[in-house]
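# Inside the fold
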Amino acid sequence: MPGKLRITDARLEPIAGRVLAGQRLSADDGLALFQSHDLLAVGWLANHVREKRHGNVTYYNVNRHINPTNVCVAHCKLCAFGRSPDVPGAYTFALDEIYHRAAQGLAEGATEFHIVGGLHPDLPFAYYLDLIRGLKQRFPQVHLKAFTMVEVGYYARISRMSIRDTLLAMKDAGVDSLPGGGAEIFHPRVRKIICDHKVSGQMWLQIARTAHEIGLPSNATMLYGHVETPEERVDHLIQLRGTQDQTHGFVTFIPLAFHPANTGLAHLPGPTGIDDLKTIAVSRLLLDNFDHIKAYWVMLTPRIAQIALQFGANDLDGTVVEEKIYHDAGATTPEHLTRAELERLIRAAGRVPVERDTRYNPVDREKNPFPAKAAASQRTDTFIPETSLTLNI
Ligand code: V47
């Protein structure tokens, strides 16, 4: 453990004792950590836990984000990605376009496709199942991390199926795990303001529990830096921890910094760098039953994500390649980092980079060399604007 713990905020003294003794922290402890200005002590404690679990290792993966449609009926104030079907920029990919992008991803060595999209008013559940079946058939070696709890709730509603049967159909088609999006902040006061028409926080947790029960692990997120209070953040984290105690199905926790540009909350300033680091650290400290805390470089910026590796995070996410949700909301980060760039960031933070697959198995590139770039499929249409939507479903 590098350096000594120096505490300047007396409220942190008993909390430090509990962290060093490996004891679970309370909601009050979480609140004190969020309210403290002693960032270095909070970070030291989170780093202690991080190094006890993972030593110097920092994970990243080679992945490809695919967003099949940005058409969405939810119209969440927090979001700049979703569109009505009839506005400029609305799109829905034909399945061939998705397979083309996936083939490009495979040629770049992707071990994971991260697939999330809007809640489209007209696409049937069958479109998504066909999409997954088609990907699994063509790219059986690639892990399909697809569809948030919000999308699952929506598919269940439009197909008049139970959540369990919807998840079973997804699993049967080839979904391997679920990403952690859509959790936002569970408290109903906040959801009413930022995402009024989304599934409730309780429903999000219920869908996650059901996914875990049928053998689909998932990630979890928390969107912070908008209208939520520190108490509501702590409540969110404690509810995730309680669910994890029951299912052990969450793999990674990802705090997501709110980007206000082009959203219905564009008047808000978004979180500061101090808040980013503190949120990573408090998450590491409260979520004692989560193995991994991810500093998602796309939203944190590579620079802050790199520092977060000393504040509790042990994962940077992946190469990503195409990112729409944050970039529509004004993110100025690149959409793509290469393996070499990710490794450089990690090494410069004094950590040891390990390329992982979605299940955190190390990827041995000697045994699994990159597929030839030439394997990328022939060019197909770019995307289908909503006005000329023809889908081969
Ligand atoms: O669900 C939407 C958030 C999420 C904005 O599971 C916004 O490995 C900030 O969940 N400003 C999608 N955030 C991203 C996500 C994710 C990312 C990386 C890895 C994983 C994983 C999951 O982004 C949405 C929502 O919570 N979001 N709009 C915005 N304006």
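All of these numbers come straight from a predicted model, not from anything done at the bench.

### A short note on the pairing of strand 5 (residues 143-146)
On strand 5, burial covers both faces: H143 and K145 on one face and L144 and A146 on the other are all buried. Where strand 4 (residues 112-115) lies against strand 5, four bridges are found, and the strand directions are parallel. Bridged to F113 within strand 5 is L144. Each parallel crossover has a hand, and for strand 4 linked through helix 5 (residues 125-138) to strand 5 it is right-handed.

### Let's talk about the sheet that holds strand 1 (residues 57-61)
Taken together, three strands build an open sheet; the order of strands is 9-1-10 and the sheet is parallel. Two strands in the sheet have a free side with no partner beyond their single neighbour: strand 9 (315-318) and strand 10 (352-355). Across the sheet, the mean angle separating the axes of adjacent strands is 25° when strand polarity is ignored. With two bridges connecting them, strand 1 and strand 9 associate as parallel partners. Within strand 9, the position partnered with Y59 by the bridge is D315. Packed onto the sheet, helix 14 (residues 339-348) meets strand 1, strand 9 and strand 10 and runs at close to 160° relative to strand 1.

### Thoughts on the sheet that holds strand 8 (residues 292-293)
In a beta sheet, neighbouring strands pair by backbone hydrogen bonds and run either parallel or antiparallel. Sheet architecture is open: three strands sit in the order 6-7-8, paired in parallel fashion. Where the open sheet ends on each side, the last strands, each with one partner, are strand 6 (218-224) and strand 8. The sheet contact formed by strand 7 (residues 250-257) and strand 8 spans two bridges and is parallel. Residue pairing in the sheet places T252 in a bridge with H292 of strand 8. Running over the sheet, helix 11 (residues 273-286) touches strand 6, strand 7 and strand 8 and is turned about 160° from strand 7.

Conventions we followed
Along each chain, residue indices are assigned from 1 in the same order as the chain's sequence is written. Totals for whole chains, interfaces and linings use all residues, but because this is a predicted model, local features are given only for residues with pLDDT of at least 70 and pairs of side-chain atoms are given and counted only at 80 or more. Only hydrogens and water are set aside when side-chain values are computed; all heavy atoms of the structure are taken into account. Buried, partly exposed and exposed residues are distinguished by accessible area as a fraction of the type maximum, computed with a 1.4 Å probe on protein chains only: under 20%, between the cut-offs, and over 50%, respectively. A run of H or I in DSSP counts as a helix once it spans at least four residues, and a run of E counts as a strand once it spans at least two, with each numbered from the N terminus. Here, strands pair whenever DSSP counts at least two bridges between them. A clockwise path from the first strand over the helix to the second, with the strands pointing away from the viewer, defines a right-handed crossover. Think of each axis as a best-fit line through the C-alpha atoms, taken over the contacting stretch in the case of a helix, with angles from 0 to 180 degrees between the N-to-C directions. Whether two residues are in contact is decided by their heavy atoms: any pair within 4.5 Å suffices.

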